[in-house]
Amino acid sequence: MSYQGKKNIPKITSERLLIKGGRIVNDDQSFHADIYMEDGVIKQIGDNLIVPGGVKTVEANGKMVIPGGIDIHTHFQMPYRGTTTVDDFNQGSKAALAGGTTMIVDHVIPEPGSSLIEAYDQWKQWADEKSCCDYALHVDITHWDDSVKQEVETLIKDKGVNSFQVYMAYKDYYQMSNKELYEICSFLAEHGGIAQVHAENGDLIAEEQARMLQMGITGPEGHVLSRPEELEAEAVFRAITIASQTNCPLYVTKVMSKSAADVISQARKKGNVVFGEPITASLGTDGTHYWSKNWAKAASFVTAPPLSPDPTTPDYLNTLLASGDLNVTGSAHCTFSVAQKAIGKDDFTQIPEGVNGTEERMALIWDKAVTTGKMDENMFVAVTSTNAAKILNLYPRKGRVAVGSDADLVIWDSDSVRTVSAKTHNSEAEYNVFEGMELRGAPLVVVCQGKIVLEDGTMHVISGSGRFIPCTPFPDFAYKRIKARKQLAVLRAVPRGLYDGPVSEFSPMSRGGTPSASARTSPTKPPVRNLHHSGFSLAGNPALRGPTTPDDIPIRPAGRRVMVPPGGRSNITSLS
Amino acid sequence: MHCINSMNGSGIFNPVHLICHLQRGKKAISPNNVSWVTEVRNRDVLLSPPSGPPLACSSQRALVRIRPRFVSSTLSPQTSWISDRLLVKGAKIVNDDQSFMADIYMEDGVIKQLGENLIVPGGVKIIEAHGKMVMPGGIDVHTRFQMPDRGMVSADDFYQGTRAALAGGTTMIVDHVVPERGVGLMAAFNQWREWADSKSCCDYSLHVDITEWHKGIQEEMESLVKDHGVNSFLVYLAYKDVFQLSDSEMYEVFSVIRDLGAIAQVHAENGDIIAEEQRRILDLGITGPEGHALSRPEEVEAEAVNRAVTVANQTNCPLYITKVMSKSSADVIASARKKGAVVYGEPISASLGTDGTHYWSKNWATAAAYITSPPLSTDPTTPDYLNSLLACGDLQVTGSAHCTFSTSQRAVGKDDFTLIPEGTNGTEERLSLIWDKCVVSGKMDENQFVSVTSTNAAKIFNMYPRKGRIAVGSDADLVLWDPDVSKIISAKTHNLSVEHNIFEGMEVRGGPLVVISQGKVVLEEGVLHTTEGCGRYVTRKAFPDHVYKRIKARSRLTELRGVPRGQYDGPVCDVAPSPKVMSATSTAKTSPTRQQNAAQPMRNLHQSGFSLSGAQVDDNIPRRSTQRIVAPPGGRANITSLG
């Protein structure tokens, strides 16, 4: 029996790893224990573990060992009008690992009209080739019809996708109507998926963009001026309403403003199943940079919804994250080079959108929320990793340091101080939106799939080593409540005798109801026209569309129609 | 001070008309001791000799007017009166700001004098108020009398409706013009004018509903505002495929409304969700009136209110939410106001007085009588909550949304709740109901009562102080209010032509004792004396101060400026012309001026010359070579301790 710490054994089996003397931090508690991993899985936790010989041992020296971060929102290698974002799955996942994130969840964005599954396969191929860490995929629904419905079902059942994003912005492109949102949410609720929304009112944005350009505002400041935070809050509110109607769990991606966060926290207080995802950028910086005189710098902050020009926003969002009103954090990492951003140099609406943040996410939240005393280390683990794993139904495989969980760990150094800079970051982008920011807290060692990928500030990543992690439907974290509600929400009609009184004539053009719409969408529902009573109203139909003549004023009780003679009975001069 | 006046021996005015200047006299007026020179701070006085009947006092500035008055001397003051002259004595006048004791003298439908011991001509009808409250007549800011709906017409026409309104102490109504699609606003407006002019018993004005949106509508709106005294337009966010406007259309309508200085009203419910829910509920086999409430949950109302507030804020347009029916939507309005939005909320008699539990009534006709949109909330604590918000000022105005249908009309939807014509009664009950729920319960005082039933409506819609206030020069629309009278509301006794009253059996304290409209007594001793067609159309000017003072200040502040930057001259990536973010097609459709921008294909020809040749996509991506180092697997991994 060989004990850990045999430093003299020269050959290191990378599949076996022992972390000694660490303080394990989960979302519920922290405790001192050693961790032994084998084949990428945590095999033992405890003191004085009995492990095979030849194990590489890492001395944590009482430092925190936390579950690796899960960046629940990335756009690596995203195609954009013939180009792709500068960080591909290799570069992006490398940056993620450098920051202590050991799993990413990327968004598959099918072109409207094209197949979801084809796009999914394409993304999976890209990621399998290049990703250095485990990954999962969200699929964005960019159009909606019956074939998409079937594809969504297949993706849920066979392809390991349980979360689908819909867009309320990007009018005439990705944007879904309320009716489509309703149908998608109903469908997802039925099949155990999570509805994610990009929440901004695209109609109003289009109007505002037109107005800005008319006023001659073409620079990046126009981006934020045309997308005021109210439009974000409005869309969040609407999404929540629709999700609540359809009893579907809702996930709001990119919470960028106070107002949107407030709407989410109010909805949660009312009991809605809704999760909010602030991103690194909204937690770390603000939208004042859109007014930078340096066009390239201003453009590098362009993302949608935009960063709020209110500089108190990051602090506010961090507070809500700490209080549990917001649950998960992503990075929405989607980087473009300056040359790519310059596509929109004369028209801000053409600037490709996206900011960096996958590398900075963990350190930033530590600095803004833990060192300031807003949250403790356990909460930190919850918002950077555990909650995401729960929502994706990957818990406890991911998001927890426990026997049987994946060996994705980070030894966290809470004292290290680093300055964020484009010169030193692992992204390909020339600008970093957190440039010059000094952050306390950083990963010392990152273990991914049981292998050390960051140590002594050096990365040891293998392109293509990342595995696709399938997510199963009906995550308990969201669906336990949904299921209970479903049982309660059975609607019943009132049993009444048949109404047999008189029925007025009416022309079939409905005002209150929407027979045309409902007839179109539900073949089971016959067009609502009472043939017993509308026999002659079909004649002269066109005339009925005009102003109707009050021919058929209902019969009025005759006694009431008496005209009072003017001045009659009015001799009274006093009321007493 | 020279005044010439003459009276004949019988104490009746001789028609002599003079105007002369008053100096500031100090002598008090008293009926027994009226001197030629009277005083009163630059007020004008109608004078008569000491022996004569009371003098009339009118308050124009420093002018004395003695108007010729024709009074037949054969009538004695006791037995005859002229309906154009009326004196209310011993009243406690209640305005929205204060209450005070005074007499009111009216002539020609206008309040001429206010004060104690007024000097009025003889032969005036006198009403003794005995210290009871006299308040401005109610303004029912939302009625739908005689409204056409699919070939039917709502049961109460302008005659029946205004009679009911007057019976309840409301002396002015504002009706909604609902143009069918394709008819045009002006044609519909004229139609409504014709109906109301021929039948209305009290003054009225008209809101115009925007049921479709195109360029022609904009021109009609302009002409309605400028030439026809309309300053409020309603848009529907519900009634999909019929009246509903999209968000873009709402944005454009609001922009037009703001430019015209009018007020945007919104019927706030999310029509898309409702259509889906209706389909679902019908699929479940629920066809009765309960389906109406189930398919229109209050969240759907709150959502639309929130959206309307957002659009109004974006366009800097004042917003008025008609029919606040639920706690949630009232909350949205209240919180928007706290954030500074210029938004007004209008709960209606029905939402203040009753709730939606009746939709589950076993009696189909009863259940159907409660159908209105947004529906009455199924939460029975809603009325109390709305009354509280009304009292604290978060909601400001009350209407009735009176739109009644007989049971046989409702029965059009006997097999499908979506076809039941919508609307409830409430114009007659409104004042008593609010008095009972708010004033009797101590939520608000009588002055606040006047604000929410009359003054605020007059202010928002620019009729103040002609309406909504008891003051010299205001219209003589008054109510002598009896706070002690108690009444049980019933369809048997109401002044409507429908079989059901949604407040059936409710006992309300407080009611009008005397109602004066246009200076004439129209309700006295429980008897109505109305004249069909005597109601006048009240024009309303654009840019009401109450609303637009803030809007104007804001529009000055919200000028946006671009950042002056040098031209970006770095590399530009070549891209496919399909725009991602832009909505070129849609904006081109709605705003032609934008077309130039949108039509330009976004490709920089200077930069794209060589990338067409099939070069690698990442050729132009600057990459720092130092970072591209791939660490050898397992390299530098001998360290076993971090210490």
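Residues numbered from 1 in each chain as written. Chains lettered and ligands numbered in written order. Predicted model: local features only at pLDDT ≥ 70, side-chain atom pairs only at ≥ 80, totals over all residues. Heavy atoms only, no water.

1. As for the overall build of chain A
Across its full length, chain A carries 17 helices and 18 strands. The buried share of chain A, taken over its 576 residues, is 64%. A sequence separation of at least 24 residues applies to 77% of the contacts in chain A between residues at least 6 apart. Total accessible area on chain A stands at roughly 19900 Å², and carbon and sulfur atoms take up 53% of it. (Helix = DSSP H or I, 4+ residues; strand = E, 2+ residues; numbered from the N terminus. Buried < 20%, exposed > 50% of the residue type's maximum accessible area, 1.4 Å probe, protein only. Contact = heavy atoms within 4.5 Å. Areas by Shrake-Rupley, 256 points an atom, 1.4 Å probe, with all protein chains shown as cover.)

2. Some words on the confidence of the model for chain B
Low-pLDDT stretches of the model should not have their predicted coordinates read in fine detail. All names here are of chain B. Averaged over every residue, the pLDDT of chain B is 81; residues scoring 70 or more account for 77%. Confidence drops under a pLDDT of 50 for residues 579-617, and excluding neighbours within four residues, the segment shows 60 contacts in the predicted structure. Note on residues 621-643: pLDDT is under 50 here. Beyond four places in sequence and across chains, it has 53 contacts. The ipTM assigned to the predicted complex is 0.75, against a pTM of 0.78. (pLDDT = per-residue confidence, 0-100.)

3. So, the UniProt feature "domain: Amidohydrolase-related" (unreviewed entry) in chain B
The UniProt record annotates "domain: Amidohydrolase-related" (unreviewed entry) at residues 133-522 of chain B. Split by type, residues 133-522 of chain B is 39% helix and 19% strand. Its first and last C-alpha atoms lie 17 Å apart. (UniProt positions renumbered as here; feature names shortened; annotations may be inferred.)

4. A word on the side chain of H138(A)
All names here are of chain A. Assignment of secondary structure puts H138 in strand β10 (residues 134-141). Here H138 falls in the buried class, since its relative accessible area comes to 0%. The residues contacting H138, other than those within four sequence positions of it, are I72, V105, D106, H107, V108, S163, Q196 and L392.

5. Details of the packing of aromatic side chains
Taken as a whole and judged by the stated rule, the model has 31 aromatic pairs over all chains. Ring centres of F275(A) and F477(A) lie 5.5 Å apart, and the angle between their planes is 15°; this geometry places the pair in the stacked category. Linking F275(A) in strand β14 (residues 274-278) with F477(A) in helix α15 (residues 476-488), this pair joins segments that are 202 residues apart in sequence. Overall, the relative accessible area of 1% leaves F275(A) in the buried class. Where W435(B) meets F449(B), the ring centres are 4.9 Å apart and the plane angle is 90°; that geometry is what we call edge-to-face. (Phe/Tyr/Trp six-rings, centres within 6.5 Å; stacked < 30°, edge-to-face > 60°.)

6. Quick notes on the nonpolar core
Counting residues in each nonpolar core, the largest one holds 260 residues, and the members touching the most others are M221(B) and F254(B). In terms of residue count, helix α7 (residues 229-246) of chain A provides more of this core than any other element does, nine residues in total. With sequence-adjacent residues up to four places away left out, F254(B) is seen in contact with V235(B), A264(B), V266(B), A308(B), V311(B), A312(B), T315(B), C317(B) and L319(B). One finds V273(A), A389(A), I391(A) and I482(A) within the second-largest nonpolar core, a separate group that totals 20 residues. (Core = buried A, V, L, I, M, F, W, Y, C linked by side-chain atoms within 4.5 Å.)

7. Description of helix α11 (residues 382-392) of chain B
All names here are of chain B. Of all the residues in α11, the buried ones are T382, P383, L386, N387, L389, L390 and A391. In the core, the buried residues of α11 are packed alongside β17 (319-324), α8 (327-338), β18 (343-347), α9 (349-353), α13 (430-439) and α14 (446-460). Once α11 finishes, G393 follows within two positions and takes phi at roughly 95°, a positive value.

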